[in-house]
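Examination of the molecular architecture
Residues per chain, in single letters:
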Amino acid sequence: MNTNTSLTTVKTDLSNKNYITVTEEDFTKISSIQETFFGLGMPKYFAILPSGLYRVHHIKKPDLQPFYSLERVSGYLCITANIHDVDYNNWGFLVKYTDISGQGHETIIRKDSFVGKVPTGQDCVTFLAKRGLHIRNESSLMAFFKDFSTITTKTEITQTGWYNNCFALPGMTIGHDDTAYFNIKTKSSSGYASSGKLQTWQETIGKYCEGNKRLIFAVSCAFAAPLLKLCGLEGGGFHFYGQSSCGKTTLLRVATSVCGSPDYMQNWRATSNGLESVAENHNDLLLVLDEIGQADPSAIGDTIYMLANGFGKIRSSSKGVPKSIKKWLNLFLSTGELDLESHMRTAHKTTKNGQEVRCLSIPATSENSKYGIFDNIHDFTNSADFAEYFISKTKKHYGSPLLIFLHFLVEHPIKTQHEFDKYLTEQKVYFGHNLSGLANRALNRFALVGFAGEKATEWGITGWKKGSATDAFRRLFNEWNNNPERMSDLDKLKQQVRLFFEKDPAYKISPYFSEWSLQGREQWVTPERFKTDVIHGLNPSWAVKELIKLGWIKPGNAKDRYTQKRRIDKDGIYHGVYVFDITRVFGDDFLDTQ
């Protein structure tokens, strides 16, 4: 039922006039209608008519029938609900209004604009005036907001992704929830868009992914991202690495076409703070990042942790008040000429197991591949033409696969979750029980991608044959798990120890922590520094035992004692330290280089 339609039954002039005279009988009808639509919280001395918001004056004069004079305050405006964010902060009014041109709008007026300012509410008036509301009486408009009360309350949702049983996107919500107001704003260049029908995407892009395991896997990643929260998996991503011009960016373009336009794809050339905002804007969605070589190698490890863990830095306002922490959950897809480990090594950094499992590095090309990232170029003459074809088509056809996938997902969330649990169990049986802890964690994410691709196929979205996505993920998981370039934990330990002693030449000749002895050069390291600087990210107890086996650390004389007593301060006090034999760490020719 529409208030405007109801008010036409009232016999009065509702045209665009600044003053309207209404009989007591008709005003009673107006008040009854307003209570129905706006509740008892509607101030009695205001009236909302199709022509605007009015201030009500009850006129009583001798020898005249009492009547009401309605003085126009502004164009049409009404308050529909109280509103707050997901943390029950930033309270405000949800307001509908009509601008001077007659166009309807919905916006939020924050309640703090009526507190602690003189005159209170002026910010609200300025805000609405800039947005086209005709305002005739500022003080009456401010009084209306201050005196209006409503029991209807909604939660403002400003982030993409799941909220209850809905999935929110910029300008669109899949599902329905009366308790939420979806207010997702992104830059126009964010790439959230749809162009062309699903059938066209299938015929021009989807079918050419068949026979190409990396393309199928990348596309399946786009469908997997909304499943992370549903299936209870942690955030993280995949990084395809390989030589320039092998087709890595084409891989990302095809995955991007599932979600939106080419502008949807981001790159690593951003600060950590900038990537926080990018990740937050892709909550529960695929985050596509091209060329890791643009990222600072000394900071990329921490950035990987940040992206996968799903929250940004703790910050304070200029007044010292903590700001809301940015949070997200997403799956990211990345490319670069180097894998994560090699990229970090350029800054004398080493990867930790936690970083490796959060960003799984996969070769961009198969061994002995003659088509770069492609296994099958279909009817094209060469891989360059095939890549150019994808670049052309992904500019025209995009976005519809994800939208249709989300519609199915919102309708069947619990069923989909149970089906994934069964699928994951089947894959763990397929790969056997001899996988390492790291490989088991990685398998969870790989399997989610395979499952997502199979569901998209089942729901008629990809146009692929059943089993194509499963076959793709299994092959790539095996490539990742059997990659000889992946370092063992022991190799990482040895690399970290060497980097520690190499990175600071002054440390090697410090009279405080080293001495010459008959057994060769020694370096002394306190247990605290050993944990934080030498083997950061690895298990200290395991690391010490392995280094003793290698002969890199000289154990103490007592049983189960790994440290030795040395005087390491000016006071001559003995402290327990790990004694490294540098000739064993770097080889017998180490002394000749000093």
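Preceding this paragraph is the structure being described.
Summary of the structure given here. What you are looking at is a predicted structure, and each value in this text was computed from that prediction instead of being measured. (Residues numbered from 1 in each chain as written. Predicted model: local features only at pLDDT ≥ 70, side-chain atom pairs only at ≥ 80, totals over all residues. Heavy atoms only, no water.)

Focus: the packing of helix 5 (residues 198–209) against helix 13 (residues 383–394)
Condition: For every element, the axis is a line fit to its C-alpha atoms; helices are fit only across the contacting stretch, and the angle between N-to-C directions ranges from 0 to 180 degrees. For the purposes of this entry, the term helix denotes a DSSP run of H or I that reaches at least four residues, the term strand denotes a run of E that reaches at least two, and both are numbered from the N terminus. If an angle is under 35 degrees, it is roughly parallel; if it is over 145, roughly antiparallel; if it lies from 65 to 115, roughly perpendicular; otherwise it is oblique. For a crossing to be left-handed, the near helix must be turned anticlockwise from the far one by less than a right angle; the clockwise case is right-handed. Any pair of residues with heavy atoms lying within 4.5 Å of one another is described as a contacting pair. Under the convention adopted here, Pro, Cys and the residues Ala, Val, Leu, Ile, Met, Phe, Trp and Tyr are nonpolar, Asp, Glu, Lys and Arg are charged, and Gly plus all remaining residues are polar.
One way to put it is that helix 5 packs onto helix 13 with a least axis distance of 10 Å and a crossing angle of 140°. The angle between helix 5 and helix 13 places the two elements in the oblique class. Helix 13 is crossed by helix 5, and the crossing has left-handed handedness. Between helix 5 and helix 13, the contacting residues are E203, T204, I205 and Y208 on the first element and F386, Y389, F390, K393 and T394 on the second. Considering only residue class, the contact of helix 5 with helix 13 consists of 5 nonpolar, 2 polar and 2 charged.

Considerations on unusual backbone geometry
Counted only if it meets this: The rule is simple: take the accessible area with a 1.4 Å probe, protein chains only, and divide by the maximum for that residue type; under 20% is buried, over 50% is exposed, in between is partly exposed.
Not every positive phi belongs to a glycine, and N164 is a case in point at roughly 55°. On the secondary structure map, N164 appears in the loop between strand 9 (161–163) and strand 10 (166–169). Unlike most non-glycine residues, D284 shows phi in positive territory, near 65°. Here D284 falls in the buried class, since its relative accessible area comes to 2%.

Let's talk about the pattern of salt bridges
The following threshold applies: A side-chain nitrogen of Lys or Arg and a carboxyl oxygen of Asp or Glu constitute a salt bridge if their distance falls within 4 Å.
Enumeration according to the criterion identifies 10 salt bridges in this entry. Where R214 meets E479, a salt bridge forms, and the shortest distance between an N and an O atom there is 2.5 Å. Of this pair, R214 sits in helix 6 (residues 213–224) while E479 sits in helix 17 (residues 468–481), placing them 265 residues apart in sequence. Given a relative accessible area of 0%, R214 falls into the buried group. Judged by its relative accessible area of 24%, E479 falls in the partly exposed class. For R441, the salt bridge is made with E234, and the minimal N-O distance between the two is 3.1 Å. On the criterion of sequence distance, the pair formed by R441 in helix 16 (residues 437–458) and E234 in the loop between helix 7 (227–231) and strand 13 (236–241) is long-range, its members being 207 residues apart. A relative accessible area of 33% places R441 in the partly exposed class. Beyond isolated ion pairs, a larger network of salt bridges with shared partners links E419, K455 and E458.

Examining the side chain of T150
Using the following cut-off: The term polar contact refers here to a pair of N or O atoms within 3.5 Å; inside protein, the definition further demands a hydrogen-donor-capable atom paired with an acceptor-capable atom, and it admits residues adjacent in sequence only when both atoms are side-chain atoms.
Its place among the elements puts T150 in the loop between helix 4 (138–147) and strand 8 (153–157). Looking at T150, its side chain comes within polar contact range of the main-chain nitrogen of T152, at 3.2 Å. Setting aside chain neighbours within four positions, we find T150 in contact with A81 and N82.

Considering the pairing of strand 8
This is how it is decided: Think of it this way: DSSP has to see at least two bridges between two strands before they count as a pair.
Taken together, the 3 bridges between strand 5 (residues 77–84) and strand 8 define a ladder with parallel strand orientation. What sits directly across from I83, in strand 8, is K154. As defined by bridge partners, strand 8 adjoins strand 12 (residues 180–182) across 3 bridges and the pair is classed as parallel. Considered in strand 12, the bridge of T155 is made with A180.

Description of the sheet that holds strand 1 (residues 19–23)
Ordered by their spatial adjacency, 4 strands build an open sheet running 1-4-3-2, and the pairing between neighbours is antiparallel. Looking at the sheet topology across the chains shown, the edges are occupied by strand 1 and strand 2 (46–49). Strand-to-strand twist across the sheet, computed as the mean angle between neighbouring axes with direction ignored, equals 35°. Strand direction decides the pairing type here: strand 1 and strand 4 (residues 67–74), joined by 5 bridges, are antiparallel. Opposite V22, over in strand 4, you have Y68 as the bridge partner.

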